[in-house]
Amino acid sequence: MDNITREKTLAATAAVSRIKPNMIVGLGSGSTAEIAVQLLGEKVKNGMQITGVPSSVTTKKLAQTFDIPLITDAVPAKIDITIDGADEFDENLNLIKGGGGALLHEKIVASASRELIIIVDSRKTARPLGSSFHLPVEVIPYAHVIVEQTLCQLGSTPKLRRNNDKPFVTDEGNYILDCNFNTIANPQKLASDISQIPGVVEHGMFIGMATRIIIGSGETTRELQAT
Ligand SMILES: O=C(CO)[C@H](O)[C@H](O)COP(=O)(O)O
């Protein structure tokens, strides 16, 4: 196992150790969250009863291979703990997510969760949002040209995400604009401005949602907790 995978596994193991029998567990997306799904699958195999709520089609398929009982039709109003990854986080535990394109379902699952535990490897450290990752904004295809123009007026350089020569399409059939805002000085204000643009479905800033960030670091983990 390479060092980064070991760090992801350490963070995922620490997060999964917080899952107790009969919990409803939100299942995040991305390579780190997938390790957590695999570890949860082992718990289920050993007899622990949990119910998972997947945040993407990819995660649903993975969880099914481990026979994790799932709720897939609609997100329940109360999820005990969600374990997910992130592309960036700041010292206030605000996040940028959506590198894998699952930000809409991830945010819905997170919004229903009593606890949102984020797991990352040591390449990700607390820094102002936008400093190293472009903010994904999910838009309905019909509106993507006009939304792109408005996002330019807000100070970014949006780029339509592509999958080979076609636009990348999300699980809900939408497009993603990856927006370089450089460092985002006021995430709350920008989040509100973007949410008001007609045609925007969701953006990848998760503000005040994460309760804990577990960072795999070498042979150990360290944690940041919301105050
Ligand atoms: O937000 C996400 C997917 O939409 C992922 O959680 C994020 O991209 C982190 O992925 P990884 O654990 O592979 O670095």
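Reading the values: the criteria
- Residues numbered from 1 in each chain as written.
- Predicted model: local features only at pLDDT ≥ 70, side-chain atom pairs only at ≥ 80, totals over all residues.
- Heavy atoms only, no water.
- UniProt positions renumbered as here; feature names shortened; annotations may be inferred.
- Domains from an automatic or database assignment.
- Contact = heavy atoms within 4.5 Å.
- Buried area = accessible area lost by both parts, 1.4 Å probe.
- Salt bridge = Lys/Arg side-chain N within 4 Å of Asp/Glu carboxyl O.
- Polar contact = N/O pair within 3.5 Å; in protein donor to acceptor, adjacent residues only side chain to side chain.
- Helix = DSSP H or I, 4+ residues; strand = E, 2+ residues; numbered from the N terminus.
- Nonpolar A, V, L, I, M, F, W, Y, C, P; charged D, E, K, R; others polar.

By the naming in an unreviewed UniProt entry, the protein goes by Ribose-5-phosphate isomerase A and is assigned to Uabimicrobium amorphum. Database annotation for the protein, UniProt heading Subunit (unreviewed entry): "Homodimer."

## Brief notes about the domain arrangement of the protein
For the protein, the assigned domains are domain 1 (3–127 + 207–218) and domain 2 (135–198). Relative placement of domain 1 and domain 2: their C-alpha centres are 24 Å apart. Across the boundary between the two partners, domain 1 contributes twelve residues, which contact 14 residues of domain 2. Summed over both partners, the interface of domain 1 with domain 2 buries about 960 Å², with 63% contributed by carbon and sulfur atoms. It is I96, L103 and I207 in domain 1 that bury the most area against domain 2; as a group they hold 41% of the surface buried on that side. Connecting domain 1 to domain 2 are zero salt bridges. Linking domain 1 with domain 2 are four residue pairs in polar contact (both at pLDDT 80 or more), by the criterion used here. Looking at the side of domain 1 that touches domain 2, the element that brings in the most residues is helix α4 (residues 103–111), giving three residues. Of the residues contributing to the side of domain 1 that touches domain 2, the split by class is five nonpolar, six polar and one charged.

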